[in-house]
Amino acid sequence: MSDSKIPLAAVIGHPIAHSKSPNVHGYWLRKYGLKGHYIPMDIEPDKLPDLLPRLADLGFVGANVTIPHKEKVMEIADLITDRATLIGAANTLIFRKDGRIHADNTDGYGFIENIRQSIPDWNPKSGPAVVFGAGGASRAVLASLLDVGVPKIMLTNRTRVRAEKLREDFGNRIQVIEWVQAGNVLEDADLVVNTTSLGMTGKPEMRVPLDGLRPGAIVNDLVYTPLRTRLLATAEDRGCRVVDGLGMLLHQAVPGFERWFGKRPVVDEDVRAAVLR
Ligand code: ATR
């Protein structure tokens, strides 16, 4: 792409209509007065290997990747960051000038930054975390928590074998807890994270007893529809410090935006409001 061309970026998924990423990037492009466009792109899985390399020729500088392509793009990319390899999925692509596709995963970064910005005195090394769920989002959360030095993670999942697999992949700072026992370990936790879809609009509520939550503990729900889930409302009533999931969506978008459009955007109340509109 010559420097005079307007940079294009996309979010690719299937389906894609629900994605909030165009609102986020569109808001920042307008706020900073930058030339550029960010568009949603619905790509069927079997078309991905052909279409992805052609995006660069069309003037795209990069893309975000969402369900169901986050694993598949790893097979197509030419360069993969260590953190994307560890998580086993990519959410951010850079189409380099030499034609190569660079795959990164910024979900863990977004997760950590969301908590740091919401709770500036958070010390990840101060105590154990409890993590609910063992899907793709959990992999990003576990990798980043271990990276920032959380001493121990108690991991619980309805399907225990998926949690066991994550312990194999991420090592023995992870301890697998029976789903029905999870309520009993909450009192030990400095940080509690829900990576499951429980509590999302249209999905069942989380049924784990929450009376073990310790006042002062940090509770983060990755679910952001609704923003104030029952988990967060209960935790707040118990004196916990709560962090909603919208910030992770915003922070994970920062590295891609900076790389594609040349400006590091700020995550603030204005962009939150723009996304919620
Ligand atoms: P993601 O990439 O968003 O993490 P996923 O890989 O489909 O999505 O994982 C969804 C997570 O939510 C899993 O931990 C799943 O538990 P299972 O591994 O037992 O399926 C969890 N989950 C979804 N619905 C659930 C339910 N009704 N009860 C308990 N856990 C549920």
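Residues numbered from 1 in each chain as written. Predicted model: local features only at pLDDT ≥ 70, side-chain atom pairs only at ≥ 80, totals over all residues.

What about the site of the ligand?
In the vicinity of the ligand lie 15 residues, with Gly-135, Gly-136, Arg-158, Thr-159 and Thr-196 positioned nearest. By residue number, the principal contributor to the shell around the ligand is helix H6 (residues 136–147), which donates three residues. Classifying every residue of the shell around the ligand by side-chain character gives four nonpolar, nine polar and two charged. (Near = placed C-beta within 6 Å. Helix = DSSP H or I, 4+ residues; strand = E, 2+ residues; numbered from the N terminus. Nonpolar A, V, L, I, M, F, W, Y, C, P; charged D, E, K, R; others polar.)

Details of the nonpolar core
Soluble globular proteins tend to pack their nonpolar side chains together in the buried interior. Within the largest apolar cluster, 82 residues are counted, with the highest numbers of intra-cluster contacts made by Leu-93 and Val-219. Among the elements that make up this core, the one with the highest residue count is helix H10 (residues 246–261) (eight residues). In this structure, this core is formed jointly by two domains, domain 1 (8–105 + 250–276) and domain 2 (108–244), each of which donates at least three residues. The contact partners of Leu-93, leaving out residues within four places of it in the chain, are Gly-62, Ala-63, Val-65, Val-73, Ala-77, Ile-101, His-102 and Ala-103. (Core = buried A, V, L, I, M, F, W, Y, C linked by C-beta atoms within 7 Å. Buried ≥ 20, exposed ≤ 12 C-beta atoms within 10 Å, placed from the backbone. Domains from an automatic or database assignment. Contact = placed C-beta atoms within 7 Å.)

Notes on the domain arrangement of the protein
As far as domains go, the protein holds domain 1 (8–105 + 250–276) and domain 2 (108–244). When each unit is reduced to the centre of its C-alpha atoms, the spacing between domain 1 and domain 2 is 26 Å. Only helix H4 (82–87) and H10 provide two or more residues apiece to the side of domain 1 that touches domain 2. The residue inventory of the side of domain 1 that touches domain 2, partitioned by class, reads five nonpolar, four polar and two charged.

Considering helix H2 (residues 48–57)
Among the residues of H2, those classed as buried are Leu-52, Leu-55 and Ala-56. One face of H2 carries all of its buried residues, which in axial projection span an arc of 100 degrees. Residues of H2 that are exposed and point more than 90 degrees away from the buried face comprise Asp-50, Arg-54 and Asp-57. Positive backbone phi, at 100 degrees, marks Gly-59, one or two positions downstream of H2. (Arc of directions from axis to C-beta.)

Examining the UniProt feature "active site" (unreviewed entry) in the protein
As recorded in UniProt, the feature "active site" (unreviewed entry) lies at Lys-70. The class for Lys-70 is buried, based on 23 C-beta atoms found within 10 Å. Not counting the four nearest positions on each side in its chain, Lys-70 is found in contact with Val-65, Ala-89, Ala-90, Asn-91 and Gly-136. (UniProt positions renumbered as here; feature names shortened; annotations may be inferred.)

Observations concerning the UniProt feature "binding site: shikimate" (unreviewed entry) in the protein
In the numbering used here, UniProt assigns the "binding site: shikimate" (unreviewed entry) feature to Ser-19, Lys-20, Ser-21, Thr-66, Asn-91, Asp-107, Tyr-224 and Gln-252. Following the sequence through the fold, Lys-20 ends up in the loop between strand E1 (8–13) and helix H1 (21–31). The class of Lys-20 is partly exposed, set by 17 C-beta atoms lying within 10 Å. In contact with Lys-20, not counting residues within four places along its chain, are Leu-249 and Val-275. By C-beta crowding, Ser-21 is classed as buried, having 26 other C-beta atoms within 10 Å. Apart from residues lying up to four places away in sequence, Ser-21 is in contact with Val-11, Asn-64 and Ala-253.

What to know about the environment of Asp-121
Here Asp-121 is to be found in the loop between helix H5 (107–118) and strand E7 (129–132). According to the C-beta neighbour criterion, Asp-121 is exposed, with 7 such atoms within 10 Å. Taking C-alpha positions, Asp-121 is 30 Å from Ala-163, a pair spaced 42 residues apart along the chain.

A word on the pairing of strand E9 (residues 174–177)
Pairing of strand E8 (residues 153–156) with E9, which is carried by four bridges, proceeds in the parallel orientation. The residue of E9 that forms the bridge with Met-154 is Gln-175. Between the parallel pair E8 and E9, the chain is carried across by helix H7 (residues 160–170), and the sense of this crossover is right-handed. (Pairing = 2+ DSSP bridges. Right-handed = clockwise from strand over helix to strand, strands pointing away.)

Focus on the pairing of strand E10 (residues 191–194)
The alternating pattern of E10 places Leu-191 and Val-193 and Val-192 and Asn-194 on opposite faces, both of which are buried. Here E7 runs beside E10; their pairing, made up of four bridges, is parallel. The partner of Val-131 across the bridge, within E10, is Val-193. Where E10 meets strand E11 (residues 218–221), four bridges bridge the pair, whose relative direction is parallel.

Things to note about the sheet that holds E7
Note: strands within a sheet are paired through backbone hydrogen bonds, in either parallel or antiparallel orientation. With parallel pairing, the six strands of this open sheet are ordered in space as E9-E8-E7-E10-E11-E12. One side of each edge strand has no neighbouring strand; the edge strands of this open sheet are E9 and strand E12 (241–243). Strand-to-strand twist across the sheet, computed as the mean angle between neighbouring axes with direction ignored, equals 20 degrees. Strand direction decides the pairing type here: E7 and E8, joined by four bridges, are parallel. Along E8, the bridge assignment pairs Phe-132 with Thr-156. Here helix H9 (residues 230–237) sits on the sheet in contact with E10, E11 and E12, set at roughly 165 degrees to E11. (Axes fitted to C-alpha atoms, helices over the stretch in contact; angles between N-to-C directions.)

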